[in-house]
Amino acid sequence: MKKLLVVNAGLAALLGSGMAEAGYSPYYVGAGLGATGNNGNESQFCPACEGSQFKMRNDKRDNRGYKVYGGANLTQNIGVEIDYTDLGKTYDADMYRPTLDGRAERAHAWQKTRGIGVSAKVNRRVTRKTSVYGKAGAFAWENKNQMDYTNLDGISETYKTKDEGVSPKLGIGLEHEITDHVSIQVGWDRTFNHGKGNQFLHLDQNKNYADLRSVKTDTDMVYVGATFNF
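Fair warning: this is a prediction, and the values are worked out from it, not measured in the lab.

Caption draft 1: Representation of the overall build of the chain. Scanning the chain from N- to C-terminus turns up one helix and 11 strands. When the helices and strands of the chain are placed in sequence order, the string is α-β-β-β-β-β-β-β-β-β-β-β. For the chain, contacts bridging at least 24 residues in sequence account for 69% of all contacts bridging at least 6. For the chain, the exposed area adds up to about 12800 Å²; of that, 58% sits on carbon and sulfur atoms.

Printed below as a string of structure tokens:
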């Protein structure tokens, strides 16, 4: 076992030194901040809620995302990357149902998405210090769902659920080296269909609350990141 560990360590060292001599770093870690947007819509809230009015929210404070990532360049042009990404709110809507006696039902519902992605990455240099890249992989997501509801008598309740799944993920970007070990990148990621269905609020036969399920949305994230290469 010890001999095997020594051989593996030696191969890793040779690989790293050879890649460094070729003009690029074998490993990297970094973090990025960005803005997110998705294609969620009012019809996904509650199709069975007759007489209700729906409106999507678009609060920029909730449309913020961040990611931390790390990877290995297997060759000068091909690598693998793993990331933890928080996409913020990926669905955010209000429901309002007035009655003839002046009262009204109200609800605010949203889902927050985060997860771990694994991608294959392709790099291509366009100048000595600048390269473009593309990524494709899978995103194991977790959706936290919540609805704050106020009934006709003014009594408020909060409902929470959680969903998990795996969806495809794509990305492209531009990276520029500042020093031998530090670079900055500007990128765009899209995560597809992270959610369980097309209806957020589910009702029972008596039109009362039954369950919350996250809705499928495609979410884009445009980000700026700093990367340390070693």
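So, next bit.
Caption draft 2: Fine view of the pairing of strand 7 (residues 156-177). With 21 bridges connecting them, strand 6 (residues 130-150) and strand 7 associate as antiparallel partners. Bridging from a neighbouring strand, Thr-150 pairs with Ser-156 of strand 7. As paired elements, strand 7 and strand 8 (residues 182-191) share nine bridges and run antiparallel to each other. Residue pairing in the sheet places Leu-170 in a bridge with Arg-190 of strand 8. Connecting the antiparallel pair strand 7 and strand 8 is a turn made up of four residues.

Caption draft 3: Highlighting the pattern of salt bridges. Scanning the model with the defined rule gives 16 salt bridges in all. The salt bridge partner of Lys-135 is Glu-81, with a shortest N-O separation of 3.1 Å. Of the two residues, Lys-135 is situated in strand 6 and Glu-81 in strand 4 (residues 78-98); the sequence distance between them amounts to 54 residues. Of the two residues, Lys-135 and Glu-81, both sit in the buried class. The residue Glu-105 makes a salt bridge to Arg-97 at a minimum N-O spacing of 2.6 Å. Accessibility expressed as a relative area gives 23% for Arg-97, which makes it partly exposed. When salt bridges that share partners are traced, they join Lys-67, Glu-81, Lys-121, Lys-135 and Asp-189 into one network.

The rules behind each value
Residues numbered from 1 in each chain as written. Predicted model: local features only at pLDDT ≥ 70, side-chain atom pairs only at ≥ 80, totals over all residues. Heavy atoms only, no water. Helix = DSSP H or I, 4+ residues; strand = E, 2+ residues; numbered from the N terminus. Contact = heavy atoms within 4.5 Å. Areas by Shrake-Rupley, 256 points an atom, 1.4 Å probe, with all protein chains shown as cover. Pairing = 2+ DSSP bridges. Salt bridge = Lys/Arg side-chain N within 4 Å of Asp/Glu carboxyl O. Buried < 20%, exposed > 50% of the residue type's maximum accessible area, 1.4 Å probe, protein only.

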